[in-house]
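The chain contents come next:
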Amino acid sequence: MSMHQAMRQMPEQSGRAGVVRGEAAHDPASDEAQCPRHETTDTGLGLLGAALTRENLQRAFKRVRANKGAAGVDGLDIDQTALHLKIHWPVIREQLLSGTYRPSAVRRVTIPKPDGGQRELGIPTVTDRVIQQALLQVLQPILDPTFSEHSYGFRPGRRAHDAVLAAQGYVQSGRRVVVDVDLEKFFDTVNHDILIDRLQRRIGDPGVIRLIRAYLNSGIMSDGVVLQRYQGTPQGGPLSPLLANVLLDEVDRELERRGHCFARYADDCNVYVRSRRAGQRVMAVLRKLYSKLHLVVNEAKSAVASVFGRKFLGYSFWVAKGGVVKRRVADKPMATFKQRVRQLTRRSGGRSMPEVVQRLRPYALGWKAYFGLSQTPRVWRELDEWLRHRMRAIQLKHWKRGTTIFPLMTSTLRTARCGPACRVVWQGRSR
């Protein structure tokens, strides 16, 4: 059962929803995005109705399906949710418009962090993910143009690479000291009242505000018990990144007003200055700004230091000939990559070579796609050699006995004379 079939059961939109359909589709580059911020309070009139139109919900469902997320506390996957909505959507829609809808609790999931800790995620039900995604599709074109140009996280047309390139430009301009601020458990400590207040300054639709408040207050199910939540916006819902940008944009605007050069990706913010004394002043300002938002700076991970001893979004910087600042993979993600490759290429795994390659290839290609921005050709050659060495060790393990290895090696080396591409496999050198 597709979402399109389920949505055919919806009543036709009328009244409040029909009036605002064009407003929800307003061009993000229009004059509305250029208005002073205090004038944006009227942009949200009727946004909830626009979010609940059939076309918008169908797009939201397709996006949720494409993300291939897990089921929430109700245990319903995407196809089962489509059947559920076919029957229950008219009632759910009426509850959403009347303000009586109560989202289900999110399912608590923890995943390991590279540093050995645990990151907590909250997985909403598929129904709630579809509703959140529908809200996101209407709110983002209105809110995103009001965010700072120095914000790069979870925004259309922007990505982590853009933030790294901006940081490189600041360092190249002579700002060799970085104010590296780490917020302690940011998504778990967001103050609901402050967030709603900042949201109300931008959106005037009380229905949207009420629904977002309901999502913030929905509980967390852990070990079969629903725990009440009074702060935080759990990672895992489509709305969480947008809400984080709404809250932190206040800090961005103050840094802009003071003329600082900085780049922020979600809660990861680096400010680049020319001296440590200036860096200490900026750090003091940031502590005050974050404290107003009831956010805590992680003093153990935050620092004012040389930019060449810190990392940003997995990258660090180095100086090449002529004083040119270049990018490289930071030590920690490089060590994490090698550790993971060692796990995938264990000789005692009992897997055939095609099976090893099948498991290794997606991880290696994904890692290279992100860190391909690095400017260290020698490091890539060394990684290539190391990977080939690991694969050859697996092949030799499969051949086992010397009486088997000798004829196979001879045959392989004879084949290698056919061209340089074959010789590379055994010589372990990059092409």
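Residues numbered from 1 in each chain as written. Predicted model: local features only at pLDDT ≥ 70, side-chain atom pairs only at ≥ 80, totals over all residues. Heavy atoms only, no water.

J.: Mind showing me how you'd approach the sheet that holds strand β7 (residues 268-273) here?
T.: Within a beta sheet, neighbouring strands are joined by backbone hydrogen bonds and run either parallel or antiparallel to one another. Strand order in the open sheet formed by four strands is β6-β7-β3-β8, and the pairing between neighbours is antiparallel. Two strands bound the open sheet, and with one partner strand each, they are β6 (261-265) and β8 (303-306). If you compare each strand with its neighbour and ignore which way they point, the axes differ by 20 degrees on average. Pairing geometry for strand β3 (residues 177-182) and β7, over six bridges, is antiparallel. Bridge pairing in β7 links Asp 180 to Asn 270. Along the sheet, helix α7 (residues 160-172) makes contact with β6 and β7, crossing β6 at roughly 160 degrees. Against the sheet, helix α12 (residues 276-292) engages β3, β7 and β8, with an angle of about 20 degrees to β3. (Pairing = 2+ DSSP bridges. Helix = DSSP H or I, 4+ residues; strand = E, 2+ residues; numbered from the N terminus. Axes fitted to C-alpha atoms, helices over the stretch in contact; angles between N-to-C directions. Contact = heavy atoms within 4.5 Å.)

J.: What is the right way to read the sheet that holds strand β1 (residues 106-112) from this model?
T.: On the basis of which strands lie adjacent, the open sheet formed by four strands has the order β2-β1-β4-β5 and mixed pairing. Only two strands of the sheet have a single neighbouring strand rather than two, namely β2 (118-123) and β5 (225-227). Strand-to-strand, the axes of this sheet are offset by a mean angle of 40 degrees, without reference to chain direction.

J.: What am I meant to see in the pattern of salt bridges here?
T.: It is possible for side chains bearing opposite charge to pair when their charged atoms get close. One pass over the structure, following the stated rule, counts 18 salt bridges. Residue Glu 299 is joined to Arg 287 by a salt bridge in which the shortest nitrogen-to-oxygen separation is 3.0 Å. Separated by 12 residues along the polypeptide, Glu 299 in the loop between α12 and β8 and Arg 287 in helix α12 bring together distant segments of the chain. Residue class for Glu 299 comes out partly exposed when judged on its relative accessible area of 46%. Note that Arg 328 is salt-bridged to Asp 331, the shortest N-O span being 3.2 Å. Taking the relative accessible area as the measure of exposure, Asp 331 reaches 56% and is therefore exposed. Counted as one network, the salt bridges with shared partners bring together Asp 197, Arg 198, Arg 201 and Glu 250. (Salt bridge = Lys/Arg side-chain N within 4 Å of Asp/Glu carboxyl O. Buried < 20%, exposed > 50% of the residue type's maximum accessible area, 1.4 Å probe, protein only.)

J.: Before we go on, may I ask you to explain the packing of helix α4 (residues 54-67) against helix α6 (residues 126-143) in this structure?
T.: Axis angle and axis distance: for two packed helices, these are the angle between their axes and the distance between the axes, and together they describe the pair. Relative to each other, α4 and α6 sit at 120 degrees, their axes nearing to 8 Å. Classed by the angle they form, the pair α4 and α6 counts as oblique. Like other packed secondary-structure pairs, α4 and α6 cross with a definite hand, here right-handed. Taken together, the residues of α6 that come into contact with α4 (itself represented by Asn 56, Leu 57, Arg 59, Ala 60, Phe 61, Arg 63 and Val 64) are Val 126, Arg 129, Val 130, Gln 133, Ala 134, Gln 137 and Val 138. Across the contact of α4 with α6, the residue classes tally to eight nonpolar, three polar and three charged. (Parallel < 35°, antiparallel > 145°, perpendicular 65-115°, else oblique. Left-handed = near helix turned anticlockwise from the far one by under 90°. Nonpolar A, V, L, I, M, F, W, Y, C, P; charged D, E, K, R; others polar.)

J.: Teacher, can you tell me more about the packing of aromatic side chains here?
T.: This structure, assessed with the given rule, holds 10 aromatic pairs. With centroids separated by 5.0 Å and ring planes inclined at 75 degrees, the aromatic side chains of Phe 186 and Phe 187 adopt a geometry described as edge-to-face. Accessibility classification places Phe 186 together with Phe 187 in one group, the buried group. Taking 5.8 Å as the distance between ring centres and 50 degrees as the angle between the ring planes, the aromatic pair formed by Tyr 315 and Tyr 370 counts as tilted. Of this pair, Tyr 315 sits in strand β9 (residues 315-319) while Tyr 370 sits in helix α14 (residues 353-371), and the two are 55 residues apart along the sequence. You can call Tyr 315 buried: its relative accessible area is 1%. Tyr 370 sits in the partly exposed class, given a relative accessible area of 28%. Above the plane of the ring of Tyr 152 lies Arg 158, whose end atom (NZ or CZ) is 5.0 Å from the centre. Sitting over the face of the ring of Trp 386, Lys 338 holds its NZ or CZ atom 5.7 Å from the ring centroid. (Phe/Tyr/Trp six-rings, centres within 6.5 Å; stacked < 30°, edge-to-face > 60°. Lys NZ or Arg CZ within 6 Å of the ring centre and 35° of its normal.)

J.: Hey, could you run me through empty space enclosed by the protein in this one?
T.: Picture a little ball the size of a water molecule; that probe, rolled over the atoms, points out where space is still empty. If you walk through the whole model with that rule in mind, you get three cavities of 30 Å³ or more. Estimated volume of the largest cavity: approximately 140 Å³. Lining of the largest cavity is provided by 15 residues; of these, Gln 132, Tyr 215, Thr 233, Pro 234 and Ser 240 occupy positions nearest its centre. Put simply, the parts of the chain that give the lining of the largest cavity at least two residues each are α10 (206-217) and α11 (240-257). Take the lining of the largest cavity: its biggest share by element is three residues, from α10. (1 Å grid on protein atoms, 1.4 Å probe; cavity = no way out; pocket = protein on both sides within 12 Å on 5 of 7 lines; lining within 4 Å. Points joined across faces, edges and corners; volume = space filled by probe spheres on them.)

J.: Got a minute to help me understand the layout of surface pockets in this structure?
T.: In this structure, the largest pocket spans a volume of roughly 1700 Å³. Lining the largest pocket are 44 residues, and of these Lys 113, Arg 119, Asp 182, Asp 268 and Lys 311 lie nearest its centre. Elements that contribute at least two residues to the lining of the largest pocket include exactly β1, β2, β3, α8 (186-189), α13 (331-344) and α14. Of all the elements, α13 adds the most residues to the lining of the largest pocket, at five residues.

J.: Mind showing me how you'd approach the environment of Val 273 here?
T.: The residue Val 273 is located in strand β7 in this model. The class for Val 273 is buried, based on a relative accessible area of 6%. Separated by 95 residues in sequence, Val 273 and Val 178 have C-alpha atoms that sit 6.2 Å apart.

J.: What is the right way to look at the side chain of Thr 345 in this model?
T.: Tracing the sequence through the fold places Thr 345 in the loop between α13 and α14. In this structure the side chain of Thr 345 is engaged in a polar contact, spanning 2.6 Å, whose partner is the backbone oxygen of Val 341. Beyond its immediate stretch of four places on either side in the chain, Thr 345 contacts Val 356, Leu 360, Arg 390, Met 391 and Ile 394. (Polar contact = N/O pair within 3.5 Å; in protein donor to acceptor, adjacent residues only side chain to side chain.)

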